[in-house]
Each structure stands twice: as C-alpha cells, then as structure tokens.
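As a plain string of letters, each chain reads:
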Amino acid sequence: MFGIGGGELILIIFIALMLFGSEKIPDIARTLGKGMAQLKNATNEIKSEIQKSADNHEIGSLTRDFNAEVEQVKQGFNKMVDDETAKITGENNPLDITSEINEAKQNLEDLTGPIKRQM
C-alpha cells in the first residue's frame, strides 16, 4: 500500500493520535468522508452533463469544458478539506505533518538507535 510497511503505518497512526488527539481524529475522518462524497457527487454531475451535451457539442469543446470543471472541483475540494482541517486543528497548514513525523522518527532513533527497514 503506497510503499508503506505495517510498522511505518502504525508509526504514522501513532503520530496522528499524538498530534490531533483522540477527540479530533473522528472529526477529521468525518470531514474527509464528506469531502470524498462531494467529490463523487460532483464527478457524477460532470459525467451526466457530458452525456447530455455530447450530441450538441464538438469533442474539442467538450474536453476543454470537462477539464475546466474537473479543475474547479479539484480546487474546491482541496480548499474545503484544508479549511475544515484547519478549523479542527487550528493550524495554518494542517496537512503538512511530515516534519513532525521526521522529528518523531529522529527521537525514536535517538532512544533506540537507527531504525532498520524490514524488507
């Protein structure tokens, strides 16, 4: 799964729990679920619009319109997720937890020695 092993996944979950707390994790998951549902609905609406207008327009204009609508949906979805996550966490850049993960790994290495990847 995305090149992430079981141990790394557990570490990421542990860090997320430490960062957001057990009360905020369900809110974050709920927000992401709502966002995914809105994205799915928007995609279905775009598909139905394309099917309706396929007989009336050229293929070139359809692809331009489709690409523009997909880009708008994508930007709206990203903004909505960022805004909702920022509300929950109270941070300006809530989805950037890479530095916290690296810091936790470094602390773990300081305590136990270098982390060895299992292959």
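Quick notes on the rules
- Residues numbered from 1 in each chain as written.
- Predicted model: local features only at pLDDT ≥ 70, side-chain atom pairs only at ≥ 80, totals over all residues.
- Heavy atoms only, no water.
- UniProt positions renumbered as here; feature names shortened; annotations may be inferred.
- Helix = DSSP H or I, 4+ residues; strand = E, 2+ residues; numbered from the N terminus.
- Buried < 20%, exposed > 50% of the residue type's maximum accessible area, 1.4 Å probe, protein only.
- Areas by Shrake-Rupley, 256 points an atom, 1.4 Å probe, with all protein chains shown as cover.
- Salt bridge = Lys/Arg side-chain N within 4 Å of Asp/Glu carboxyl O.
- pLDDT = per-residue confidence, 0-100.
- Patch = residues over 30% accessible without salt bridge, like charges linked within 9 Å, V, L, I, M, F, W, Y side chains within 5 Å.
- Contact = heavy atoms within 4.5 Å.

Per an unreviewed UniProt entry, the protein goes by the name Sec-independent protein translocase protein TatA and belongs to Flavobacterium hankyongi. You can read under Sequence similarities (unreviewed entry) in the UniProt record for the protein the words "Belongs to the TatA/E family." Under the UniProt heading Subunit (unreviewed entry), the entry covering the protein gives this text: "Forms a complex with TatC."

Q: An account of the overall build of the protein is requested, with residue identities and associated values reported.
A: Check the secondary structure of the protein and you find three helices and zero strands. Counted from the first residue to the last, the protein has its helices and strands arranged as α-α-α. Sorting the 119 residues of the protein into buried and exposed places 18% on the buried side. When the accessible surface of the protein is summed, it comes to about 9,300 Å², and 56% of that surface belongs to carbon and sulfur atoms.

Q: Any chance you could break down the pattern of salt bridges for me, citing the residues and the numbers?
A: Here the structure, examined in full by the defined rule, presents two salt bridges. Notably, a salt bridge pairs Asp27 with Arg30, separated by 2.8 Å at the nearest N-O pair. Pair noted here: Asp27 and Arg30 are both in helix α1 (residues 6-53), with a separation of three residues, about one helical turn. With relative accessibility at 31%, the residue Asp27 sits in the partly exposed group.

Q: Residue-level account of the confidence of the model for the protein, with values.
A: For the protein, mean pLDDT is 77; residues scoring 70 or higher make up 77% of the total. Mean pLDDT across the elements of the protein ranges from a minimum in helix α3 (residues 98-112), with 76, to a maximum in α1, with 86.

Q: How would you explain a nonpolar patch on the surface if you had to name every residue and give the values?
A: There is a patch of nonpolar side chains on the surface, built from Ile4, Leu9, Ile13, Leu17 and Ile25 and spanning about 360 Å² of accessible area. Of the residues examined, Ile4 reaches a relative accessible area of 31% and is grouped as partly exposed.

Q: Quick rundown of the side chain of Thr31? Include the residues and the values.
A: Within the secondary structure, Thr31 sits in helix α1. Contacts of Thr31, omitting those with residues within four sequence positions, involve Glu84 and Ile88.

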